[in-house]
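# Residue-level structure breakdown
Here is how the chains run, residue by residue.
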Amino acid sequence: MSSVASKAHPLLSSFPHFLTWRALGFRTICSGRLGFATSDADPPVAGTKILDSFKEDFEIGSRLITLETGKIARFANGAVVLGMDETKVLSTVTSAKGDSVRDFLPLTVDYQEKQFAQGVIPNTFMRREGAPKERELLCGRIIDRPIRPLFPAGFYHEVQVTASVLSSDGKQDPDVMAANATSAALMLSDIPWGGPIGVIRIGRICGQFIVNPTMDELSLSDLNLVYACTRDKTLMIDVQAREISEKDLKAGLRLAHPEAVKYLEPQIRLAAKAGKHKKEYKLSMISDRTLEKVSNLAEAPIEAVFTDPSYGKFERGEALDKITQEVKKTLEEECDEESLQVLPKAVDTVRKKVVRKRIIAEGTRVDGRRLDEVRPIYCEAGNLPILHGSSLFSRGDTQVLCTVTLGAPGDAQRLESVVGPPTKRFMLHYSFPPFSINEVGKRVGLNRREVGHGTLAEKSLLAVLPPEDDFPYAVRVNSEVMASDGSTSMATVCGGKYACSMALMDAGIPLRQHVAGVSVGLVSEIDPSTGEIEDYRILTDILGLEDHLGDMDFKIAGTRKGVTAIQLDIKPAGIPLDIICESLDHALKGRLQILDHMEREITAPRTQDDRNSPRLATLKYSNDTLRRLIGPLGALKRKIEEETGARISVSDGTLTIVAKNQSVMDKVQDKIDFIIGREIEVGGIYKGIVTSVKEYGAFVEFNGGQQGLLHISELSHDPVTRVSDVVSVGQQITLMCIGQDVRGNIKLSLKATSPRLESETRNVVEGSAHVQKEAANVWTSVRDVSNEQKQELPLSKNDTSGVNPSTASIPTILIRSVADCDEEEKSSGLSQSSKSGLKPTAASKWDVRAKKSPPLDDEVDSLFSIPNGFSSSNPKKSKSFLEKGRKKASNSTLRLQDGDEDKCSTSQTDTHDKLSDEKTKVEALMTTKNLKLGTKVNAKVYQIRAHGLVLDLGGGIHGMYRFEGNGKDDFEVGNELLFECSSFTSKGIPVMSLVDEE
């Protein structure tokens with residue numbers, strides 16, 4: 001500013017400093033005003049705030065764990081950061097300040113996994129996290145279930161728990177860490193709570209239990225056990241297993257308890273250092289006077305209702321409501337406002353007392369069943385035949401409708417979690433609509449209960465699904481609860497299994513085992529002075545009322561071999577582990593009863609050739625071909641989907657098609673063939689158009705623009721003098737691909753698709769030609785097939801009896817022919833004249849490429865040009881020779897089959913004496929891969945030329961040998977001698993030298 005003043009008043013610059021404005025304490029002139037200048041002293045420096053943090057370090061299962069508080073979220077009622085390796089989770093708890101006017105505990109648990117925890121920006125349009133994902137809801141339930149029973153009775157203040165993943169290294173699942181951090185945060189807060197608790201995860205690999213396994217270890221484990229407990233009682237169990245036996249599961253539970261207890265002492269020490277004094281909250285309790293008064297009025301009529309097994313769910317509910325209304329009228333007449341305020345809770349307490357007393361004393365349940373008796377079961381499969389799979393499962397009054405939909409691998413659910421796989425191919429969605437319990441409600445988004453029940457059923461079925469390599473498709477099971485009277489999740493397991501098995505059996509892929517589920521309940525008597533259980537009863541297949549009035553809902557699902565999933569929820573502050581283990585035995589008995597019924601219903605896969613049922617197909621293409629199909633930005637793919645209504649999924653080398661029915665599937669495949677064609681396979685039948693006619697044959701365009709040569713010898717079984725007599729330009733014909741020459745040209749045959757004369761086809765099985773339209777793995781719906789039909793298998797590779805060798809046994813690539821040897825012989829000066837110089841033997845018929853050779857019969861011609869033993873009848877294992885490329889043509893392996901070798905050997909020696917030489921075998925299998933310099937081979941003399949021999953090395957490979965010494969007089973056609981590969985010609989033909997056997 002002084003510079004500004006100097007420019008405005010030049011004379012001021014000549015004044016001494018003590019007369020300046022700043023020396024007199026004024027500010028410099030600014031906008032014509034004077035002011036006091038600020039001091040030139042250094043500004044104050046902000047002090048350093050010291051955060052009092054408290055930490056506890058301990059070790060469990062070779063993992064160092066840290067509990068820390070005081071540094072983060074200091075205003076929360078309780079906040080703890082739990083760390084294990086590089087994974088850290090923050091858990092906070094808060095409570096509402098006002099008094100409660102409700103009759104339940106409004107506990108809310110929010111678990112958050114934000115993408116910054118793994119250094120990733122969310123892949124959403126807004127680039128931020130949206131609504132809670134399924135995994136976040138499930139992890140919230142893992143935290144909620146063990147802490148809820150430990151809040152004191154009558155504590156109805158609103159409590160909120162927020163668990164956030166701060167960082168994740170992907171090695172540890174943060175859900176168990178968040179549960180332990182929440183326990184520690186509740187211990188630090190002033191909220192009354194009966195903790196602490198310990199939560200542990202147990203895995204098992206090769207029979208050895210692992211404490212706190214990593215995610216990599218869990219992928220190899222056949223057990224994923226999450227166990228929560230206090231010092232002496234069990235609070236929560238969550239299990240996913242691969243058919244683990246009850247004995248091994250009990251061993252895992254007994255190992256988990258002492259390991260989980262190790263979390264308690266560090267929490268107690270941390271609370272002693274930094275914990276708050278527990279606040280006195282108002283508890284909403286029922287007075288003894290009110291409870292006694294309501295009990296005297298309602299106990300007798302309530303007991304009368306519960307002792308009558310003829311009541312249904314709604315009839316019983318209406319009768320109990322009438323009793324409540326009568327008690328209410330009596331209290332209103334007495335003007336007892338205190339009792340009226342807690343009347344619903346008091347009546348419910350009386351109901352609980354009556355039901356529990358009757359079960360403990362008499363062993364009789366509400367519906368009159370025995371304690372270990374399962375409700376009547378009804379199953380119906382295929383009630384919606386147009387779907388992939390469907391079933392209707394009823395157990396008592398509980399009814400679930402399950403449907404199964406199969407999709408392409410691309411339909412798998414994409415997961416955005418800090419741990420775990422990126423996709424999920426098996427999805428089970430559980431829906432509990434209000435009409436199932438005759439109530440009015442509004443359908444909203446994801447419901448925690450629905451997600452939890454659906455995940456339990458999903459984990460139950462995962463263990464019996466076929467491997468992804470065998471069944472790569474995505475599967476979605478929808479479980480719609482039609483009526484609910486207890487254990488709808490276990491009905492979903494049975495119904496889901498039933499529907500899944502039917503759909504997979506319709507597709508030819510049944511599940512490995514039947515899965516059934518049952519809920520086990522507990523009714524106990526507790527000593528008021530000690531809080532210990534004096535007497536108890538275990539109930540199998542509990543009703544909804546028994547779930548509400550009992551102590552436990554223990555859901556166990558599994559097969560005959562073992563348990564696949566478990567979910568334990570309790571109401572009291574813990575149950576002894578011995579009772580939990582005993583309940584497993586009761587669940588096994590109930591599960592076996594249900595499995596017996598299901599196995600009586602499902603004896604064999606039912607099949608039906610229903611063209612209206614959905615279809616799936618998997619086709620194999622090269623990546624370059626798939627790029628042509630997709631088109632620019634997927635335009636061609638979308639056009640096909642819009643025109644046909646099918647869905648196309650493209651992955652690495654695989655094209656998956658999902659169609660509503662067979663006609664749509666055929667339409668899609670025709671469009672794909674028109675655009676890119678199928679991968680050309682030897683033995684495949686194709687339609688083509690003749691583009692040009694030459695003296696030696698015709699060129700045909702087929703399979704989406706591919707060009708192939710139809711040689712004159714392949715036009716007909718009869719001799720053909722002019723190509724134009726059989727085909728003409730523009731004519732559409734059906735041909736078979738019979739191979740590829742050394743230059744990569746595709747060879748086609750017209751006569752291979754036309755029947756032979758009756759005399760030539762006596763030994764040919766009708767329909768043996770390979771005319772399969774698609775080399776596709778198509779999963780169709782089938783029903784009512786017998787076990788004998790189910791056991792049918794295609795012919796093995798070696799079973800070629802009665803099959804035309806010119807059609808069913810075709811080589812993938814014709815590596816070398818005698819014509820190549822002729823051309824090489826000419827180029828090296830070995831040939832003397834235009835005549836072949838062959839001896840008049842049967843073997844000379846093989847040289848069909850030599851100039852001026854006599855006409856050959858079709859059988860010998862096909863044996864030469866199409867050597868036997870190269871079956872392409874298995875479309876899943878046959879490979880297109882176009883995939884190999886021209887440069888790799890000489891490296892293809894030729895595989896001979898039993899029987900075909902006999903035919904080839906017999907034709908070479910004597911075509912009229914086949915029966916006597918049927919046992920002739922080629923001793924060594926030679927391929928271009930194992931033929932190297934120095935390789936010794938037992939070869940037969942194939943042809944005798946002027947200056948050398950053409951040798952049959954086996955496997956359709958021919959070699960050359962130049963005469964030494966006496967020349968051709970020492971050799972005869974058919975001689976078998978030992979040769980050694982000494983070199984290769986420019987065209988890759990092996991040059992052999994004779995090995996002295998001495």
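Above this note sits the structure.
Below or above, wherever it landed, is the structure these notes cover. (Residues numbered from 1 in each chain as written. Predicted model: local features only at pLDDT ≥ 70, side-chain atom pairs only at ≥ 80, totals over all residues. Heavy atoms only, no water.)

## Digging into the pairing of strand 13 (residues 377-381)
Covered by surrounding structure in strand 13 are Ile377, Cys379 and Ala381 only, the residues Tyr378 and Glu380 on the alternate face being uncovered. Here 5 bridges tie strand 13 to strand 14 (residues 389-395), and the two strands are oriented antiparallel to one another. Pairing of Ala381 across the sheet is with Ser391, part of strand 14. (Buried < 20%, exposed > 50% of the residue type's maximum accessible area, 1.4 Å probe, protein only. Helix = DSSP H or I, 4+ residues; strand = E, 2+ residues; numbered from the N terminus. Pairing = 2+ DSSP bridges.)

## What to know about the packing of helix 7 (residues 288-306) against helix 8 (residues 313-334)
Running from N to C, helix 7 and helix 8 point in directions that differ by 160°, and their axes come no closer than 10 Å. With respect to each other, helix 7 and helix 8 are oriented roughly antiparallel. Classified by chirality, the crossing of helix 8 by helix 7 is right-handed. Only Arg316, Ala319, Leu320, Ile323, Val327, Thr330, Leu331 and Glu334 of helix 8 make contact with helix 7, whose side of the interface consists of Lys293, Val294, Leu297, Ala298, Pro301, Ile302, Val305 and Phe306. Of the residues in the contact of helix 7 with helix 8, the class split is 12 nonpolar, 1 polar and 3 charged. (Axes fitted to C-alpha atoms, helices over the stretch in contact; angles between N-to-C directions. Parallel < 35°, antiparallel > 145°, perpendicular 65-115°, else oblique. Left-handed = near helix turned anticlockwise from the far one by under 90°. Contact = heavy atoms within 4.5 Å. Nonpolar A, V, L, I, M, F, W, Y, C, P; charged D, E, K, R; others polar.)

## Describing the packing of aromatic side chains
Across all of its chains, the model carries 7 aromatic pairs by this definition. Measuring from ring centre to ring centre gives 5.7 Å for Phe58 and Tyr263, while their planes differ by 85°; the resulting arrangement is edge-to-face. Of this pair, Phe58 sits in strand 3 (residues 54-60) while Tyr263 sits in the loop between helix 5 (246-261) and helix 6 (264-274); the two residues are 205 residues apart in sequence, bridging distant segments of the chain. Summarising the burial analysis for this pair, Phe58 and Tyr263 share the class buried. With centroids separated by 5.2 Å and ring planes inclined at 85°, the aromatic side chains of Phe155 and Tyr281 adopt a geometry described as edge-to-face. Residue Phe155 is located in the loop between helix 2 (134-147) and strand 8 (159-167), and its partner Tyr281 is located in the loop between helix 6 and helix 7; the two are separated by 126 residues in the primary sequence. Note on accessibility: Phe155 and Tyr281 belong to one class, buried. Each member of the aromatic cluster is reached from another via a ring pair, and the members are Phe151, Phe155 and Tyr281. Looking at Lys279, its charged tip hangs above the ring of Tyr281, at a distance of 5.3 Å from the centre. (Phe/Tyr/Trp six-rings, centres within 6.5 Å; stacked < 30°, edge-to-face > 60°. Lys NZ or Arg CZ within 6 Å of the ring centre and 35° of its normal.)

## What to know about the sheet that holds strand 7 (residues 107-112)
On the basis of which strands lie adjacent, the open sheet formed by 6 strands has the order 3-4-5-6-8-7 and mixed pairing. Since the sheet does not close on itself, it has two edges, and those belong to strand 3 and strand 7, each with one partner. Shown here is a sheet whose adjacent strand axes are inclined to one another by a mean of 15°, direction ignored. The strands touched by helix 2 within the sheet are strand 7 and strand 8, with strand 7 carrying the most contacts at an inclination of about 140°. Together, strand 4 (63-69), strand 5 (78-84), strand 6 (87-95), strand 7 and strand 8 form the strand contacts of helix 3 (residues 174-188), whose direction differs from that of strand 6 by roughly 40°.

## Let's talk about helix 8
In this model helix 8 runs 32 Å from its N-terminal to its C-terminal C-alpha over 22 residues, within 8% of the 32 Å that 1.5 Å per residue would give. Where helix 8 is concerned, the buried positions are Arg316, Ala319, Leu320, Ile323, Thr324, Val327 and Leu331. Each buried residue of helix 8 lies within a common arc of 140° when the element is viewed along its axis, so the set occupies one face. Turned more than 90 degrees away from the buried face of helix 8 sit Glu318, Lys322, Glu326, Lys329 and Glu333, all of them exposed. The inward-facing, buried residues of helix 8 abut helix 7, helix 9 (337-341), helix 10 (343-362) and helix 13 (544-549). Immediately downstream of helix 8, the backbone of Cys335 shows phi near 55°, a positive value. (Expected span 1.5 Å × (residues − 1). Arc of directions from axis to C-beta.)

## Description of the pairing of strand 22 (residues 552-558)
Buried residues dominate strand 22, accounting for 7 of its 7 residues. Strand direction decides the pairing type here: strand 20 (residues 516-526) and strand 22, joined by 7 bridges, are antiparallel. Paired with Gly517 across the bridge in strand 22 is Ala557. Of the strand pairs in this sheet, strand 22 and strand 23 (residues 563-570) are connected by 7 bridges, and their pairing is antiparallel. For Phe554, the partnering residue across the bridge sits in strand 23 and is Leu568. Hairpin connection between strand 22 and strand 23: a loop of 4 residues separates the two successive antiparallel strands.

## Section: the sheet that holds strand 35 (residues 957-962)
If you walk around this closed barrel you meet the 5 strands as 33-34-35-37-36, and the pairing is mixed. Between one strand axis and the next, the sheet turns by 55° as a mean value, whatever way the strands run. Where strand 35 and strand 37 (residues 990-994) come together, 2 bridges link them in parallel fashion. The residue of strand 37 that forms the bridge with Tyr961 is Met992.

## Describing the pattern of salt bridges
Under the counting rule described, the total for this entry stands at 45 salt bridges. In this structure, Glu217 engages Arg63 in a salt bridge whose closest nitrogen and oxygen atoms are separated by 3.9 Å. Of this pair, Glu217 sits in helix 4 (residues 215-220) while Arg63 sits in strand 4, and the two are 154 residues apart along the sequence. For Glu217, a relative accessible area of 26% puts it in the partly exposed group. Exposure remark for Arg63: the relative accessible area of 16% places this residue in the buried category. Across the pair Lys262 and Glu259 runs a salt bridge whose closest N-O atoms are separated by 3.2 Å. Because the salt bridges share partners, they merge into one network encompassing Glu113, Arg135, Asp173, Asp175 and Arg201. (Salt bridge = Lys/Arg side-chain N within 4 Å of Asp/Glu carboxyl O.)

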